[in-house]
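Chain residues, written in single-letter form:
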Amino acid sequence: MDFSHTAERISQKITSHGHPVEKSGIEAKLRRLVDEFGVPPAEAERTVLNELAREFGLPVSQGGGSGGAVEQKSLGTLANGEWVTVECKVVALTASPSPAIAQTGIVADESAAVRFVVWSRANAPHLDEGKWYRFESAVVDEYRGMLNLKVHSGTTIREVSHEGSLRPKITPVAGLAPGVACVRGKVVQEWEATHDRILQSGMIADESGAVRFVLWKEEGLERLNPGRVYTIYYATVDDFNGRLSLTLNTATVVPEEGDIDVNTGSESFQGAFVHLAPGSGLVRRCPVEGCNRVLSRQNYCPVHEIQSRYHYDLRIKGWLDNGEETREILVSRAQTEGLVGMSLDQARELAENNPLGMDEVFLRFREALVGRYLLCRGRQIDNRLLVSTCEILHYQPEQLADLLNRAGGSL
Amino acid sequence: MTNGTGKGMAGRRDGVFEREPARRVFAQELKESRVHFKEGQDEKSPSYILLPTGARCNRVFFAGTLTEKKKQGEQNMFYRARVVDPTGTFFVMAGSYQPEAMQQVARLEPPCFVAVVGKPNVYQTPDGAVLISIRCESITQVDKDIRDQWVLDCAKATLDRIETSAGTPDGERARKEYNIDPGLFRKMVYEALAQLKI
């Protein structure tokens with residue numbers, strides 16, 4: 001049996017890590033295993049390779065003799081559970097969240113970008129931002145709908161040279177999906193931090209839509225300026241309870257000159273108001289500056305606990321329905337007062353002088369709203385419409401003539 | 001209206017709650033329905049009735065005249081109510097599993113205009129007749145303006161179904177199950193509209 005090809009393969013793998021080995025020695029070892037001990041050739045190859053890898057302190061392959069020849073793929077074609085070989089550029093490195101992780105960040109090629117994780121146990125070489133690498137036998141897995149490239153002890157990594165520069169593809173906000181994406185948009189809202197670790201959160205919009213963003217506290221990171229346009233390269237798109245959010249910690253954020261048209265409130269929806277959700281009517285809000293959360297019955301704020309110096313507000317949460325589709329709508333005080341015909345002061349008075357308290361306001365809201373046809377305009381995030389203007393619709397006799405014609409047309 | 005993006009992007013993702021739309025259907029068409037089915041094996045997967053004009057229906061919204069309400073049962077008290085539209089009668093029920101709707105019915109004095117949101121249920125009587133009743137989620141008193149708006153809304157929705165049913169799987173299924181031409185419901189729509197004042 002001829003072992004020279006196998007020996008050549010093993011020799012190349014070891015030499016690529018900078019350890020020249022004698023091919024004849026490898027061949028002898030293989031021959032001994034196969035001829036003397038009856039080991040299958042593939043298993044012999046694995047054994048010899050591992051032995052040498054251990055000798056030189058290289059990452060040990062655990063492919064189990066699966067052939068090792070994994071087809072090279074582009075990042076855009078990865079699928080969950082695959083073992084892959086890819087060539088890509090490290091475009092972002094982020095602080096490791098755990099000692100078990102040596103490095104984490106984002107790699108990109110012409111087709112896509114994905115998050116990657118290098119386990120500490122992988123003994124992998126240190127990766128530098130901006131360089132291209134070839135990852136052999138990395139594993140693709142999925143977390144919350146987002147693909148990850150995992151570098152483990154069986155992965156071999158080699159720096160490669162790459163011709164031409166990588167041109168990141170900008171995704172319209174409305175087309176975002178969990179993963180990694182580049183976005184050009186304007187900071188249209190800034191929200192007060194709801195957590196100690198949040199540096200900034202708010203909303204970014206472009207021509208196609210709006211998405212929330214969050215920037216976690218990290219050394220050297222700066223807040224974005226509201227009203228400014230930015231190009232954001234390689235942000236992580238998370239899916240949290242079905243709502244998307246951009247995490248900018250991985251991203252390179254470049255301020256742009258000028259302004260863009262943003263999709264601020266062009267969505268509209270017309271239908272019957274079919275359900276008034278709990279939390280509508282008269283509510284008490286948390287007084288902590290910038291929090292403004294609605295308190296529970298016991299005046300409990302999910303972040304700031306018991307608050308007794310709350311302030312009152314009116315709002316509508318509920319569902320519009322046109323018979324084919326539904327939209328959750330959220331209406332703030334000014335529009336609510338007009339729709340229900342009750343001011344905040346009247347609502348407070350009603351609550352104070354009624355045995356049911358704030359529930360009475362809810363019941364009045366329900367009687368005034370459920371079953372009414374409404375036209376709402378506002379900003380849509382996922383399936384929820386944040387209503388900026390809303391009107392009650394009325395019977396339009398001119399529609400009757402049209403419909404009579406339509407119904408009678410082919411009688 | 002640009003409501004395409006929301007549906008296409010967010011609606012299909014897992015974990016995003018999608019509320020079942022409330023179909024607009026005249027009493028006469030609802031009375032003709034008898035096919036009901038469930039999508040999925042889960043206890044919580046929605047159940048539907050198949051409308052003869054070819055659409056699945058998990059929930060309905062209608063406005064009409066409350067003509068009668070009746071309290072029934074001792075231990076498990078519930079209300080039966082009749083709500084009339086230009087084509088026939090809806091049978092509405094509100095039981096102890098719908099305490100809020102029950103309280104709403106209790107406060108209403110027939111006759112009055114009401115708007116009802118509820119889920120249709122199919123019952124078979126011992127002699128084989130099929131009855132559809134609406135389990136009420138909400139019933140609120142409204143004015144004639146809203147009742148008239150609903151008649152227009154329902155007429156339009158019914159005509160839309162009649163005109164598109166031929167090309168949809170549910171439309172094909174309805175044609176097979178009911179063996180009637182959905183076009184026959186045009187007459188019902190026309191007569192309902194004719195009762196409104198121009």
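See above for the structure.
A brief report on the enclosed structure follows. (Residues numbered from 1 in each chain as written. Chains lettered and ligands numbered in written order. Predicted model: local features only at pLDDT ≥ 70, side-chain atom pairs only at ≥ 80, totals over all residues. Heavy atoms only, no water.)

Looking at the interface of chain A and chain B
Next, step 1: With 46 residues of chain A in contact, the opposing surface of chain B contributes 48 residues.
Next, step 2: Summed over both sides, the interface between chain A and chain B buries roughly 4,200 Å², with carbon and sulfur atoms accounting for 56% of that surface.
Next, step 3: Summed over the three residues of chain A that lose the most area to chain B, namely Y373, Y395 and R406 of chain A, the buried surface amounts to 17% of that side.
Next, step 4: Counting every contact that joins chain A to chain B gives 5 salt bridges.
Next, step 5: We note a salt bridge from E100 of chain B to R366 of chain A, for which the minimum N-O separation is 2.7 Å.
Next, step 6: Summed over the shared surface of chain A and chain B, the result is 14 residue pairs in polar contact (both at pLDDT 80 or more). (Contact = heavy atoms within 4.5 Å. Buried area = accessible area lost by both parts, 1.4 Å probe. Salt bridge = Lys/Arg side-chain N within 4 Å of Asp/Glu carboxyl O. Polar contact = N/O pair within 3.5 Å; in protein donor to acceptor, adjacent residues only side chain to side chain.)

What to know about the packing of aromatic side chains
Residue and element names in this part refer to chain B.
Next, step 1: Here the structure, examined in full by the defined rule, presents 7 aromatic pairs over all chains.
Next, step 2: Their ring planes at 75 degrees and their centres at 5.5 Å tell us that F26 and W150 sit as a pair that is edge-to-face. Residue F26 is found in the loop between β1 (22-23) and α2 (27-32), and its partner W150 is found in helix α4 (residues 144-164); the two are separated by 124 residues along the sequence.
Next, step 3: Cluster of aromatic residues (ring-pair linked, three or more members): F26, F62, F90 and W150. (Phe/Tyr/Trp six-rings, centres within 6.5 Å; stacked < 30°, edge-to-face > 60°. Helix = DSSP H or I, 4+ residues; strand = E, 2+ residues; numbered from the N terminus.)

Re the pairing of strand β21 (residues 384-392) of chain A
All names here are of chain A.
Next, step 1: Here strand β19 (residues 326-331) pairs with β21 via 4 bridges, running parallel. Bridging across to β21, E328 finds its partner in R384.
Next, step 2: Alignment of strand β20 (residues 373-381) against β21, held across 8 bridges, turns out to be antiparallel. Bridge assignment links I381 to a residue of β21, and that residue is R384.
Next, step 3: The turn linking β20 back onto β21 is made up of 2 residues, and D382 within it adopts a positive phi angle of 55 degrees. (Pairing = 2+ DSSP bridges.)

Overview of the packing of α4 of chain B against helix α6 (residues 185-194) of chain B
Two quantities define a packed helix pair, namely the angle between the axes and the distance from one axis to the other.
All names here are of chain B.
Next, step 1: Packing of α4 against α6 leaves a shortest axis separation of 10 Å and a crossing angle of 165 degrees. As the angle between them shows, α4 and α6 are arranged roughly antiparallel. Viewed along their axes, α4 and α6 form a crossing whose handedness is left-handed. Residue-level inspection shows V151, L152, A155, T158, L159, I162 and E163 of α4 in contact with α6, the latter providing F185, R186, M188, V189, A192 and L193.
Next, step 2: Looking at the contact of α4 with α6 residue by residue, the class counts come to 10 nonpolar, 1 polar and 2 charged. (Axes fitted to C-alpha atoms, helices over the stretch in contact; angles between N-to-C directions. Parallel < 35°, antiparallel > 145°, perpendicular 65-115°, else oblique. Left-handed = near helix turned anticlockwise from the far one by under 90°. Nonpolar A, V, L, I, M, F, W, Y, C, P; charged D, E, K, R; others polar.)

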